[in-house]
Amino acid sequence: MLEVLAGNGVEAATQYEACLRGPFAKFSTACSSSAMAIGEAAGCIRSGRADVIVALGGDGFMLHTLHEHIDGAPIFGMNVGTVGFLMNEYRCKGLAERLARTVIVKLHPLRMQARTKSGRRHVALAINEVSLFRASRQTARISIAVDHKKRLPELYCDGVMVATPAGSTAYNFSVHGPIIPLGTGLLALTPISAFRPRRWRGALLPRHSRVEFTVLDPRKRPVSAAGDSIEFPSVVKVTVTEATDIELTLLFDPEHDLEDRQREQRDPQPRVNQGWR
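Residues numbered from 1 in each chain as written. Predicted model: local features only at pLDDT ≥ 70, side-chain atom pairs only at ≥ 80, totals over all residues. Heavy atoms only, no water.

Enquirer: Got a sec to walk through the side chain of Asn-128? Specific residues and values, please.
Expert: Examined against the element boundaries, Asn-128 turns out to sit in the loop between strand S6 (121-126) and strand S7 (129-134). Not counting residues up to four positions away in its chain, the partners in contact with Asn-128 are Leu-63, Val-162, Ala-163, Thr-164, Ala-166, Gly-167, Ala-170 and Asp-228. (Helix = DSSP H or I, 4+ residues; strand = E, 2+ residues; numbered from the N terminus. Contact = heavy atoms within 4.5 Å.)

If you want it as structure tokens, here you go:
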């Protein structure tokens, strides 16, 4: 059974054009229609009746869907948002045939364990990256240990992150971190505006590494930690490992899968400089 997650009239058009079978409800107002469509879809997913989740939106919605359905059915995204790096082209016609020939990509999220200044402990999963940010005008002062061995006694910076291969083309790439091809078994440890040591550009780590960040002056230089969109303020210690016990399944059109998109990010086509307008 295929369940479509969408709101308003999009779900009706998708079901009609793609000749899909499954629960379908329509109400007179936009709010009730969206709520009922999502509620019915969620019920199918929770009960295990959905074989595939079709997510309509952008990368933000795809990440939200992955977080909401960690143990759910494979997810096939279609881009009706902005960037759409994790999405396929929005095209309803022949959707069932597209789904039958998709390329399967398996991802493991990161598991962040954070302890705050008050002693509270938090756990969160991150599909793209785990990031630490300074929370004041002062630079953050952080030490970094890998597999219980201190590798960097002091890093003065705006922040630092650990990124997965799938997330390496996102925020990690924007702060000059490396793009990691899928299947290489690596994670990116990337500083954000490193002040001291100024020339440190980060490191590539084996995927099974245990990375531990310690905030050295949490009172004067407070730091927040975020796993994707889940943020915890005033952290003093953050441990990051790969969640090998959790496997996420994404589906892509074979003519343009996730590895192709990573390749395009690494080797972009040159553009003609037309100057400011």
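Enquirer: Can you break down the environment of Asp-59 residue by residue, with the values?
Expert: On the secondary structure map, Asp-59 appears in helix H3 (residues 59-68). Exposure remark for Asp-59: the relative accessible area of 17% places this residue in the buried category. In the structure, Asp-59 is positioned 21 residues away from Val-80 in sequence and 9.6 Å away in space, judged by C-alpha atoms. Setting aside anything within four residues of it in sequence, one finds Asp-59 in contact with Val-83, Gly-84, Phe-85, Leu-86 and Met-87. Only 2.8 Å separates the side chain of Asp-59 from the backbone nitrogen of Phe-85, close enough to count as a polar contact. (Buried < 20%, exposed > 50% of the residue type's maximum accessible area, 1.4 Å probe, protein only. Polar contact = N/O pair within 3.5 Å; in protein donor to acceptor, adjacent residues only side chain to side chain.)

Enquirer: Give me H3: which residues, what numbers.
Expert: Every α-helix winds through 3.6 residues per turn, so residues three or four apart in the chain are directed the same way. Buried within H3 we find Asp-59, Met-62, Leu-63, Thr-65 and Leu-66. All buried residues of H3 fall inside an arc of 160° around its axis, so they share one side. The outward face of H3, more than 90 degrees from its buried face, is lined by the exposed residues Gly-60 and Glu-68. Residues of H3 that are buried in the fold lie against strand S2 (52-57), strand S3 (75-79) and strand S17 (248-252). (Arc of directions from axis to C-beta.)

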